[in-house]
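This is what each chain is made of:
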Amino acid sequence: LSILDFYRHPTVRELATFLEEDRSARPATVTVAPRPARPAPPSRNRVVGFGSVQLSALYVLVLLFVLPIAALYGLHDGQPSAGLVLQLALALPSLYLLTRWVLPVAGSRLLSRGLQPGEHPLWGGVHLRVWAIQKLMTISPLTVLSGSPWAAAYLRLAGAQVDDEAHIGTADISLPAFLHVGRGATVGYGTQLHASRISEGVLFLGPVTVGAGAVVASECVLEGDSVVGEGAILREQSLLQSGEAIPGGQTWSGSPARPSTEAPDPVLELMAACSAAPRTWSRALLAGFAGGIALLELMPFLIMLPVVAVVWWALLAYGVGAGLLATALSGPLFVTASCALILGTRRLVLPATREGVHHLRSQLGLEKWLGDKLLELSLLLNNTMYSTLYTPIWLKALGTKVGKGTEVSTIANIDPDLLTLGEGSFVADMASVGSATYANGHVAFQRTEIGARTFVGNAAFIPSGATLGDGSLIGVRSVPPADGVPPGTAWLGSPAFYLPRREMYEDFTEAQTFTPSRRRIRARYAIEFLRIVLPSSILGVAMFATLYGVATVAAAWGTVASVLLAPLIALASSVAVVLGVAALKWVLVGRYKPRVRPLYSGFVRRTEFVTGIYEAAA
């Protein structure tokens, strides 16, 4: 059943009739296998043992990242000095990058040996190996490599079968050994290639296959044991379930995916049919990608450089108390440095995006990739800047046309200078608005317009070239209809269906929603300034506490104790952050209850403040 089935058959009687008709309409050769008996729940000892191994693995993982800190503090007897700072500045990035690049490949290769498709018991050896591979892939450089020609090579090192001519635009790949991507295939932004799933008390593993020349658009989900045939197209925001296979050359869409009944996307069809695009990258462009990857990997360290310089100057000149105070006040410096560096680099790399269809393997393709990665880095490092009054300012600096009173959350995959957000519009968390279209070695850029007082729901997907009429609504995880969105209409689902009624609230005034007083705006600016800068200060203090703890142990017990206890000190600092944010939630918000509040209300400001701190720090 899909959500659409429920909307089309809103009573129990209508739904039952629909199910009976659906069953009778199935071919006689189609049989429904009986559901296997659910396995018995695992014993307590089995679960405790599994968790103990997980905790040990986390200890080892943290140890690898804090090893240079512990070793160097031990060699310096726990005493901070200018020499120690320089050694840390060299050792930390080096070991961090080495671990980040090598460990996921080696771990995935080793742990994937002998893994077989099919069902496996929970909390067993296979489950533990799958969990470990998934954790390792989250720390891998795929977040940087996705969209570049080096993504395929890295995935092959990790055990995947990916052709060099494939374009992999996503980093959400949990089990590389179960991934098969053919020559010239395209996988778009944010698509989840999930070879494993847990349901009905078992772990299921199955390969994910994307055939040669196939196109999997953005924000799709492909489950294990699913196949996209050669030259087939899976449209954006679609779910291809386990056991489903799209025949070669067909176009499917929807959640769950079915043969598409919508009008084809002319731009996508044009790109899929054109064979003139280059199939390989030139040496010069490959070198450009290598330089861009190096820049992206080093950029967080460059952003932290001013903060580190100020904190260590205060520590060496005035002692521990001054260093701690400098750390606690470092939030604004970190945010300013990151915004300035990201904005400056992006303007230098991609000052303007050219409309039209272009060859992907070109100088523009390189510039587009690096520009996208810089915006992703902004979402990662300055997550709390989004969903605030500062977001429109940031988007305008990037080149977006933003109307007065527009609310924008963690918007993703945008081409800023081709995007228009109308006055009073609202773009919710994780929405993808106007992202470029990739297919068959091509990339297409089109202008996207969001009308005045239009709502784009959480994780909705608005393709490039779309125009949403004033006062319209696109629901959560939904796409707009292919033939356009008229003003005042509401749409839900993938594919989208028209909602004849939508819930409206008439209890609040314009002053509480779209046209607040200057006093309320000033108060919100102040609260959201703290929301933006506080997480980096909290994490800085946690790091300072870790360094101080390691230094104390090194001074008292030497290098060996410092190395062995450093992961526990780091984990203790992390737990303290989590508990501190939890306490902040209870103090400022209390217990959540179902409610509706206007945007400019005290409750919304408090809960947004806590949510931002939670997402960025805890």
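J.: Break down a positive patch on the surface for me, citing the residues and quoting the values.
T.: A surface patch of like charges, here positive, comprises Arg591, Lys593, Arg595, Arg597 and Arg606. By secondary structure assignment, the location of Arg595 is in the loop between helix H15 (559-588) and helix H16 (602-616). Looking at Arg595, the relative accessible area reads 33%, which means it is partly exposed.

J.: Describe a nonpolar patch on the surface, and please don't skip the residues or the numbers.
T.: Together, Leu1, Ile3, Phe6, Tyr7 and Leu19 make up a nonpolar patch on the protein surface, roughly 530 Å² of accessible area in all. The element best represented in the nonpolar patch is helix H1 (residues 3-8), accounting for three residues. By secondary structure assignment, the location of Leu1 is in the segment before H1. On the basis of relative accessibility, which here comes to 61%, the residue Leu1 falls in the exposed class.

J.: Can you break down the environment of Gly201 residue by residue, with the values?
T.: With respect to the helices and strands, the residue Gly201 is situated in the loop between strand E7 (196-199) and strand E8 (202-205). Setting aside residues up to four positions removed in sequence, Gly201 forms contacts with Arg38, Pro39 and Leu122.

J.: Can you break down the packing of aromatic side chains residue by residue, with the values?
T.: Here the structure, examined in full by the defined rule, presents 13 aromatic pairs. A centroid spacing of 5.6 Å and a plane angle of 80° characterise the contact between Tyr189 and Tyr438, whose relative ring orientation is edge-to-face. With Tyr189 in the loop between strand E5 (186-187) and strand E6 (192-194) and Tyr438 in strand E24 (residues 437-439), the pair connects residues that are 249 residues apart, well separated along the chain. Summarising the burial analysis for this pair, Tyr189 and Tyr438 share the class buried. Taking 6.3 Å as the distance between ring centres and 85° as the angle between the ring planes, the aromatic pair formed by Tyr592 and Phe603 counts as edge-to-face. In this pair, Tyr592 is assigned in the loop between H15 and H16 and Phe603 in helix H16, connecting sequence segments 11 residues apart. Owing to a relative accessible area of 13%, Phe603 belongs among the buried residues under this scheme. Counting every residue linked through ring pairs, the aromatic cluster contains Phe65, Tyr96 and Phe301.

J.: Could you give an account of the sheet that holds E7, naming the residues involved and the relevant values?
T.: Read across the open sheet, the three strands follow the order E1-E8-E7; overall the sheet is antiparallel. The open sheet has two edge strands with one neighbour each: strand E1 (118-121) and E7. Recorded for the sheet is a direction-independent mean angle of 30° between the axes of neighbouring strands. Where E7 lies against E8, four bridges are found, and the strand directions are antiparallel. Bridge assignment links Ile198 to a residue of E8, and that residue is Leu203. Lying over the sheet, helix H5 (residues 125-138) contacts E1, E7 and E8, oriented at roughly 60° with respect to E8.

J.: Quick rundown of the packing of helix H9 (residues 283-318) against helix H10 (residues 320-328)? Include the residues and the values.
T.: One can describe the packing of H9 onto H10 by two numbers: an axis separation of 7 Å at closest approach and a directional angle of 160°. Relative to H10, the element H9 is oriented roughly antiparallel. The element H9 and its partner H10 pack so that their crossing is right-handed. Side by side, H9 and H10 meet where Val310, Val311, Ala314, Leu315 and Tyr318 of the first sit next to Val320, Ala322, Gly323, Ala326 and Thr327 of the second. Tallied by class, residues from the contact of H9 with H10 come to eight nonpolar, two polar and no charged.

J.: Go over the side chain of Thr186 with me, naming the residues and quoting the values.
T.: Looking at where Thr186 falls in the secondary structure, it is placed in strand E5. One polar contact links the side chain of Thr186 to the main-chain amide nitrogen of Asn440, over a distance of 3.4 Å.

J.: A description of the nonpolar core should follow, citing residues and the corresponding values.
T.: Tyr73 and Leu222 are the most contacted members of the largest nonpolar core, which totals 124 residues. Residue contributions to this core peak at 11 residues, all from H9. Here Tyr73 is in contact with Gly78, Leu84, Leu88, Trp312, Leu547, Val550, Ala551 and Ala554, once residues within four sequence places are set aside. With 10 residues, the next largest nonpolar core counts Ala542, Val581, Phe603 and Val610 among its residues.

J.: Summarise the pattern of salt bridges; cite the residues concerned and give the values.
T.: All told, the structure shown has 14 salt bridges when counted by the stated rule. One salt bridge in this structure joins Arg258 and Glu244, with 3.6 Å as the shortest N-O distance. Of this pair, Arg258 sits in strand E17 (residues 258-259) while Glu244 sits in the loop between strand E14 (239-240) and strand E15 (245-246), and the two are 14 residues apart along the sequence. Among the salt bridges present, the one from Arg524 reaches Glu528, with a minimum N-O distance of 2.7 Å. In this pair, Arg524 and Glu528 are both assigned in helix H14 (residues 518-557), four residues apart and thus about one turn of the helix distant. A residue is classified by how much of its surface remains accessible, and Arg524, at 1% relative accessible area, is buried. For Glu528, a relative accessible area of 2% translates into the label buried. The structure contains a network of salt bridges with shared partners spanning Glu407, Arg524, Glu528 and Arg605.

J.: Tell me about unusual backbone geometry, and please be specific about residues and values.
T.: For the bond running from Ser255 to Pro256, omega is 5°, close enough to zero to count as cis. Tracing the backbone shows Pro256 in the loop between strand E16 (251-253) and E17. Cis geometry is found at the peptide bond from Ser494 to Pro495, where omega equals 0°. Counting through the fold element by element, Pro495 comes out in the loop between strand E31 (490-492) and strand E32 (497-498). Phi is positive for Asn413, close to 55°, though the residue is something other than glycine. Summarising the element assignment, Asn413 is placed in the loop between strand E20 (407-408) and strand E21 (419-421). Exposure remark for Asn413: the relative accessible area of 17% places this residue in the buried category.

J.: Residue-level account of helix H3 (residues 44-75), with values.
T.: Between its terminal C-alpha atoms H3 stretches 44 Å, which fits the 46 Å expected from 32 residues at 1.5 Å a residue. Val66 marks where H3 bends most, by close to 60°; the proline Pro68 follows one to four residues later. Along H3, the residues classified as buried are Phe50, Gln54, Leu61, Val62, Leu63, Val66, Pro68, Ile69, Ala70, Leu72, Tyr73 and Gly74. One or two steps after H3, the chain reaches Asp77, where phi turns positive at roughly 55°.

J.: Hey, could you go over the sheet that holds E5 for me, with residue numbers and the actual values?
T.: Pairing between the strands of a sheet is mediated by backbone hydrogen bonds and can be parallel or antiparallel. An order of E3-E5-E10-E13-E16-E17 is seen for the six strands of this open sheet, with the pairing classed as mixed. Edge strands, defined here as strands with exactly one partner in the open sheet, are strand E3 (167-168) and E17. Bridge analysis of E5 against strand E10 (residues 215-216) gives two bridges, and the strand direction is parallel. Across the sheet, residue Val187 finds its bridge partner in E10, namely Val216.

About the cut-offs
- Residues numbered from 1 in each chain as written.
- Predicted model: local features only at pLDDT ≥ 70, side-chain atom pairs only at ≥ 80, totals over all residues.
- Heavy atoms only, no water.
- Patch = residues over 30% accessible without salt bridge, like charges linked within 9 Å, V, L, I, M, F, W, Y side chains within 5 Å.
- Areas by Shrake-Rupley, 256 points an atom, 1.4 Å probe, with all protein chains shown as cover.
- Salt bridge = Lys/Arg side-chain N within 4 Å of Asp/Glu carboxyl O.
- Lys, Arg positive; Asp, Glu negative; His and termini not counted.
- Charge placed at Lys NZ, Arg CZ, Asp CG, Glu CD.
- Helix = DSSP H or I, 4+ residues; strand = E, 2+ residues; numbered from the N terminus.
- Buried < 20%, exposed > 50% of the residue type's maximum accessible area, 1.4 Å probe, protein only.
- Contact = heavy atoms within 4.5 Å.
- Phe/Tyr/Trp six-rings, centres within 6.5 Å; stacked < 30°, edge-to-face > 60°.
- Pairing = 2+ DSSP bridges.
- Axes fitted to C-alpha atoms, helices over the stretch in contact; angles between N-to-C directions.
- Parallel < 35°, antiparallel > 145°, perpendicular 65-115°, else oblique.
- Left-handed = near helix turned anticlockwise from the far one by under 90°.
- Nonpolar A, V, L, I, M, F, W, Y, C, P; charged D, E, K, R; others polar.
- Polar contact = N/O pair within 3.5 Å; in protein donor to acceptor, adjacent residues only side chain to side chain.
- Core = buried A, V, L, I, M, F, W, Y, C linked by side-chain atoms within 4.5 Å.
- Expected span 1.5 Å × (residues − 1).
- Bend = angle between axes of the 7 residues up to and from the residue.

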